[in-house]
Amino acid sequence: MSYDISKLTFDEITIGYVKEFQIIVTESLVANFAKLSGDFNPIHMNEDYAKSTKFKRRVVHGMFLASFLSRMVGMHLPGKNALYVSQSLEFPNPCFIDDEITVSSTVSDKSISTKMIKVDSRIMNDKNEVLLKGVGRIIVRDD
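Cut-offs used in this document
Residues numbered from 1 in each chain as written. Predicted model: local features only at pLDDT ≥ 70, side-chain atom pairs only at ≥ 80, totals over all residues. Heavy atoms only, no water. Helix = DSSP H or I, 4+ residues; strand = E, 2+ residues; numbered from the N terminus. Buried < 20%, exposed > 50% of the residue type's maximum accessible area, 1.4 Å probe, protein only. Expected span 1.5 Å × (residues − 1). Contact = heavy atoms within 4.5 Å. Phe/Tyr/Trp six-rings, centres within 6.5 Å; stacked < 30°, edge-to-face > 60°. Lys NZ or Arg CZ within 6 Å of the ring centre and 35° of its normal. Polar contact = N/O pair within 3.5 Å; in protein donor to acceptor, adjacent residues only side chain to side chain.

## Section: unusual backbone geometry
Note the cis peptide between Leu 77 and Pro 78, where omega equals 10°. Tracing the backbone through its elements, the reader meets Pro 78 in the loop between helix 4 (62-76) and strand 2 (82-87). The backbone of Lys 115 sits at a positive phi, close to 55°, despite the residue not being glycine. The residue Lys 115 is located in the loop between strand 3 (100-111) and strand 4 (116-125) in this model. When its relative accessible area of 30% is taken as the criterion, Lys 115 is described as partly exposed. The phi dihedral of Asn 128 is positive, around 70°, even though this residue is not glycine.

In structure tokens form, the structure reads like this:
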């Protein structure tokens, strides 16, 4: 895994700027998130139970998907100079183990007085279904 971190300044960020990355959601990543979060709900962790639900298989934690927004902000947009203020989240469709997902964020607004950017984010699967959408507000520090 690369730990290259962006160092975008407030002035370098423009409305419409887009950053994205892809990742495959593996069994190992889901198991590690369950250990970290303490969320072992059977819809996420028990294949037999999940088969009895309308999804017919294990559903990946929504907050696991949301954690990729932290990676986006802290590593890419803006990166080193980020200070997360808020994040809204919606989960219109489930994510499943082995899904290949694309995490995409677009700068939709910026405030010169507060040095804050507004970022519209989406996580999509390879079937072009929206798994997560939300709006984040990030202060771009200059210290």
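## Some details on helix 4
The end-to-end C-alpha distance of helix 4 is 21 Å, a good match for the 21 Å that 15 residues give at a rise of 1.5 Å each. For helix 4, the full list of buried residues reads Phe 64, Leu 65, Ala 66, Phe 68, Leu 69, Met 72, Val 73 and His 76. Considering only its buried residues, helix 4 is in contact with strand 1 (18-24), helix 1 (27-37), strand 2, strand 3, strand 4 and strand 5 (130-140).

## A short note on the packing of aromatic side chains
What the rule picks out here adds up to 3 aromatic pairs. Note on Phe 21 and Phe 68: the rings are 6.4 Å apart at their centroids and 65° apart in plane angle, and the pair reads as edge-to-face. In this pair, Phe 21 sits in strand 1 while Phe 68 sits in helix 4, placing the two residues 47 residues apart along the sequence. Each ring, one from Phe 33 and one from Phe 64, has its centre 5.6 Å from the other, and the planes form 65°; the classification is edge-to-face. With Phe 33 in helix 1 and Phe 64 in helix 4, the pair connects residues that are 31 residues apart, well separated along the chain. Overall, the relative accessible area of 14% leaves Phe 33 in the buried class. Assessed through its relative accessible area of 5%, Phe 64 is described here as buried. An aromatic cluster is defined as three or more aromatic residues linked by ring pairs; in this entry it consists of Phe 21, Phe 33, Phe 64 and Phe 68. Over the aromatic face of Phe 96 sits the side chain of Arg 57, whose NZ or CZ is 3.7 Å from the ring centroid. The ring of Phe 21 has Arg 71 lying over it, and the distance from NZ or CZ to the ring centre is 4.2 Å.

## Quick look at the side chain of Asn 81
Tracing the backbone shows Asn 81 in the loop between helix 4 and strand 2. A distance of 3.0 Å separates a polar side-chain atom of Asn 81 from the backbone oxygen of Leu 8. Filtering out sequence-adjacent residues up to four positions away, Asn 81 remains in contact with Lys 7, Leu 8, Thr 9, Ile 139, Val 140, Arg 141 and Asp 143.

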